[in-house]
Structure formats: structure tokens, C-alpha cells
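Okay, here's what each chain looks like letter by letter:
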Amino acid sequence: MSLNRKDLLGLKDLTADEITLILDTAEPMKEIIQRQIKKVPTMRGKAVVNLFYEPSTRTRTSFELAGKYMSADTINISTSTSSVVKGESLKDTAKTIEVMGTDVVILRHPVAGAPHILARHVSASVINAGDGAHEHPTQALLDMYTIREKKGTLAGLRVAIVGDILHSRVARSNIFGLTKMGSEVRVVGPATLMAPEIEKMGAKPYYNLEEGLQDADVVMVLRLQLERQQKGLFPTIREYARIFGVTKDRLKVASPDVIVMHPGPMNRGVEIAPDVADSVEAVINEQVTNGVAVRMALLYLLAGGGNPHEPAN
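Residues numbered from 1 in each chain as written. Predicted model: local features only at pLDDT ≥ 70, side-chain atom pairs only at ≥ 80, totals over all residues. Heavy atoms only, no water.

- The protein chain goes by Aspartate carbamoyltransferase in an unreviewed UniProt entry, where it is assigned to Thermincola ferriacetica.
- For the record of the protein chain, the UniProt heading Catalytic activity (unreviewed entry) holds the text "carbamoyl phosphate + L-aspartate = N-carbamoyl-L-aspartate + phosphate + H(+)". (UniProt positions renumbered as here; feature names shortened; annotations may be inferred.)

**Thoughts on the pattern of salt bridges**
Item 1. Using the criterion set out here, one finds 20 salt bridges in the structure.
Item 2. Of the charged contacts, one joins Lys 30 and Glu 149 as a salt bridge, the two residues approaching to 2.8 Å between their closest N and O atoms. Of this pair, Lys 30 sits in helix α1 (residues 16-33) while Glu 149 is found in helix α5 (residues 137-151), placing the two residues 119 residues apart along the sequence.
Item 3. Notably, a salt bridge pairs Glu 239 with Arg 242, separated by 2.9 Å at the nearest N-O pair. Residue Glu 239 and its partner Arg 242 are located together in helix α8 (residues 237-244), separated by three residues, close to a single helical turn.
Item 4. Among the charged side chains, a network of salt bridges with common partners joins Asp 24, Glu 27 and Arg 148. (Salt bridge = Lys/Arg side-chain N within 4 Å of Asp/Glu carboxyl O. Helix = DSSP H or I, 4+ residues; strand = E, 2+ residues; numbered from the N terminus.)

**Here we look at the domain arrangement of the protein chain**
Item 1. Taken domain by domain, the protein chain comprises domain 1 (16-135 + 289-304) and domain 2 (137-283).
Item 2. Placing a centre on the C-alpha atoms of domain 1 and another on those of domain 2 gives a separation of 26 Å.
Item 3. Across the boundary between the two partners, domain 1 contributes 27 residues, which contact 23 residues of domain 2.
Item 4. Area buried by domain 1 at its contact with domain 2 is led by Ile 19, Leu 23 and Glu 135, which between them contribute 30% of it.
Item 5. Linking domain 1 with domain 2 are four salt bridges.
Item 6. Seen at the junction of domain 1 and domain 2, the total is 11 residue pairs in polar contact (both at pLDDT 80 or more).
Item 7. Secondary structure elements with two or more residues in the side of domain 1 that touches domain 2: α1, α2 (58-69), β3 (104-109), β4 (125-131) and α10 (284-303).
Item 8. It is α1 that contributes the most residues to the side of domain 1 that touches domain 2, nine residues altogether. (Domains from an automatic or database assignment. Contact = heavy atoms within 4.5 Å. Buried area = accessible area lost by both parts, 1.4 Å probe. Polar contact = N/O pair within 3.5 Å; in protein donor to acceptor, adjacent residues only side chain to side chain.)

**As for helix α6 (residues 169-180)**
Item 1. Compared with the 16 Å implied by 1.5 Å per residue over 12 residues, the 17 Å span of α6 between its first and last C-alpha is a close match.
Item 2. Along α6, 10 of the 12 residues are buried, which leaves the element largely enclosed by surrounding structure.
Item 3. Structurally, the start of α6 carries an N-cap: the backbone nitrogen of Val 170 is 3.3 Å from a side-chain oxygen of Ser 168.
Item 4. In the segment just after α6, Gly 182 is the residue with positive phi, at about 95°. (Expected span 1.5 Å × (residues − 1). Buried < 20%, exposed > 50% of the residue type's maximum accessible area, 1.4 Å probe, protein only.)

**A short note on the sheet that holds strand β2 (residues 73-78)**
Item 1. In spatial order, the strands read β2-β1-β3-β4; together these four strands make up an open sheet with parallel pairing. Both edges of this open sheet fall to β2 and β4, since each of them pairs with a single strand only. Across this sheet, the average inter-strand angle for adjacent strands is 15°, counted without regard to direction.
Item 2. Helix α3 (residues 90-98) contacts β1 (47-52), β2 and β3 of the sheet and is inclined by roughly 160° relative to β1.
Item 3. Running at roughly 165° to β4, helix α4 (residues 114-121) makes contact with β3 and β4 of the sheet. (Pairing = 2+ DSSP bridges. Axes fitted to C-alpha atoms, helices over the stretch in contact; angles between N-to-C directions.)

Below, the structure written as C-alpha cells:
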């Protein structure tokens, strides 16, 4: 079974059935990760290139491991040491990579829409690993997989996304994905960090943390992008933490079996209290593990072809 599409550029254009297929395919992939020997021949002979124009640890490493666990030849290209620093365009870089026989290009880029441009110019599959403040589809998919794993379903859940909504590609992809899967999505934060027309995207804005967390089944805390602070979007970091920081006390109004998520990296003591980050409610480490499984599923669906259960020789 496949996605019947060449690329994964965002969740805005995916159907609920396609999202379900990806999440279902990730389940046997997670079983592979938990084996003593984490290797299957599913993508033997396939070449996967990680092309990252922005720094990344979790996403890049996760894709690299996903490819290697399925026996793909995985190559990382750092733009700081490539021809990009000499002025080569994204299109020319992609064409160069493609003529080397690449099957999948995983792109992270600071400009929104860059993966869409790339996909039009190469025959290889393109996976968006984050483009500007636009989308981060694989993060949202691993978030949804984690929620479904913990809650058994996505339909009917109350999900509160807290923090810097304005600059968050993670928030956008989660809103697109979760609403399609039947979740009620709330976005919580100061008015200056709220994305415009958020309600048209399917989410309900809250400007009071306690109101937004009321009876929430899932609390997704976003990193406060400290590099934006100098733009005066909120008074001080301490003030933000006092009003919008997720603490044990504030979580008391949420559902008794609430789970807490964070895409990382965390600013402990700012958007999330340390005792919340390390609590039994937190599923942050599970998100990292599930990220590898979901990315294995995507590589398999876009460029696989073997039995994902079959061990490598």
C-alpha cells in the first residue's frame, strides 16, 4: 500500500484516510525499533538525502535512523559546507543531488514553500522537514501517533496547544491534522503570539491559560522562541512564564488523565515547569521514539517496496 502521492509537503492537503494510513504503518515500524537487531531490507538500494538549511538535532537524526533501520543509503548534507555557501540555488542543488541517483530528499528550509518548489523540479520524493513558519508535517504526525497510542483515538479529544502560535509550524500542522481526525483544537497564548485567522484553520483561540486547559485531554506545549523576544511581543520572559507557563498547579483543571507533550527543545522554567516536563503525565521521550517510527513509515510509503517485517540478512 502507498500514499498515491510523490511527496509529503504538509498536512493541509492530506486526507483523514491518508493520515490514518501513515499512523497505522508506523505501528509495525515501532516494533522494529524495539527489536535487538533494528534492521530490515525494505529500502535496500534506495538513497535518502537529508538536506537541512537550518540547524536540527531531533528531526535530522530521526530521519537518518529511519533510513538506516530500513537499509537505505542515507546521506546528510550540511549547507554550511556545501556549494550553497557559494551561491548555488535550491533548484540547482536539488538537481545535482538527483542526478546522483537520489530517491528521497528530506528538506528543512527557512523559507515557507521551499519544499513545494523543490518537489516541482525533481522526480525524487520530497519530504518537508519544516519550512519557515509554515508547516512541520512529520512532527505533527508523530504527535498524533503518540496521542492515539496513549488515548486509543484522536476523535473527540480536547487538545490544547500552548505558546508561540504565531511562529510555530508545529502548531499549524497539528491544527490541520488533528481537526481532520476529529479532535477539538484549542490554541492558547498572548494575543501578540496568536496567528491571524486562527479560527479559519479550525482552532479556537484562548488568551487565558486556565480557560484553555479546562478539561483538556492533551496539552501540547510549544517552545517559546526566545529569539523573537526582542521584538516586544511580550514584556519579559519572566512575565510570560508567570502568565502562560504550564505548571503542575495549572494542570489541575485539565482532564485527570491528561498527557503533556513538547516537540523540543524545551525552555525549562519558561513555557514548561521542570516538574511537569519530568512528570508521569509527560510523553516527551515517547514522542522522540515515535518520531523514528513515523518517519520510517513515510519512507516506506513513499519509496519502499519490501515487507517491513522481514529482517535484513
